[in-house]
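Chain by chain, the residues run as shown.
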Amino acid sequence: MCMSLSLDLSIGHRHGGSEPPDPNLLAPFDWEPGTNTTLSIVSGQARGAAVGTNNPRIRKGPVNLAAGTYRYQGDVFIGTTPGGARFRISTDANLSMGDVVEVIFGSDDSLDDTFTLGAPTAVYAGVVGIGNSDGQYIAIANGFAVLVET
């Protein structure tokens, strides 16, 4: 008796030629250092280290968001900063204010919350250290996400 065995190797193949877009609205952007900050990617974290006595800051953006509700989620790290740090979503490229979202944290934390915009807004997302000196750093998970809330 002869048996025929057929194996379909197309499992997981997407027809149409393109992957669905990444739901993380920050995904297309690279982490950038803010003023007087050096940037490194270490163990899945984007780290911003202070140059001089400035507060280190790192960000992604600008992300053009429509009016609506969004979720931010991911890990943030105080690194070696003595006064903790701030997670901010801001219209300011240097994250000097948290005019959309500001969360102050004194130890490493996992953030997961929502915010609502009443009008289309271009924003930056990132972290800023508090009370720093030369070389001290803050960090954020490389995959930190801003998502459309459903």
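Residues numbered from 1 in each chain as written. Predicted model: local features only at pLDDT ≥ 70, side-chain atom pairs only at ≥ 80, totals over all residues. Heavy atoms only, no water.

### Overview of the overall build of the protein chain
When you go through the protein chain residue by residue, the secondary structure sums to zero helices and 11 strands. Element order for the protein chain, N to C, with α for helix and β for strand: β-β-β-β-β-β-β-β-β-β-β. Taking all 150 residues of the protein chain together, 37% fall into the buried category. In the protein chain, once contacts between residues fewer than 6 apart in sequence are set aside, the share between residues at least 24 apart is 76%. (Helix = DSSP H or I, 4+ residues; strand = E, 2+ residues; numbered from the N terminus. Buried < 20%, exposed > 50% of the residue type's maximum accessible area, 1.4 Å probe, protein only. Contact = heavy atoms within 4.5 Å.)

### Some points on the confidence of the model for the protein chain
Per-residue confidence for the protein chain averages 88 on the pLDDT scale, and 89% of its residues sit at or above 70. Across residues 1-15, where pLDDT falls below 50, the model places two contacts with residues more than four positions away in sequence or in other chains. (pLDDT = per-residue confidence, 0-100.)

### A few points about the environment of G48
Structurally, G48 is set in strand β3 (residues 45-50). A sequence separation of 11 residues divides G48 from T37, and the C-alpha atoms of the two residues are 5.9 Å apart. Sequence-distant contacts of G48, defined by excluding residues within four places in its chain, comprise T37, T38, P56, I58, Q136, Y137 and I138.

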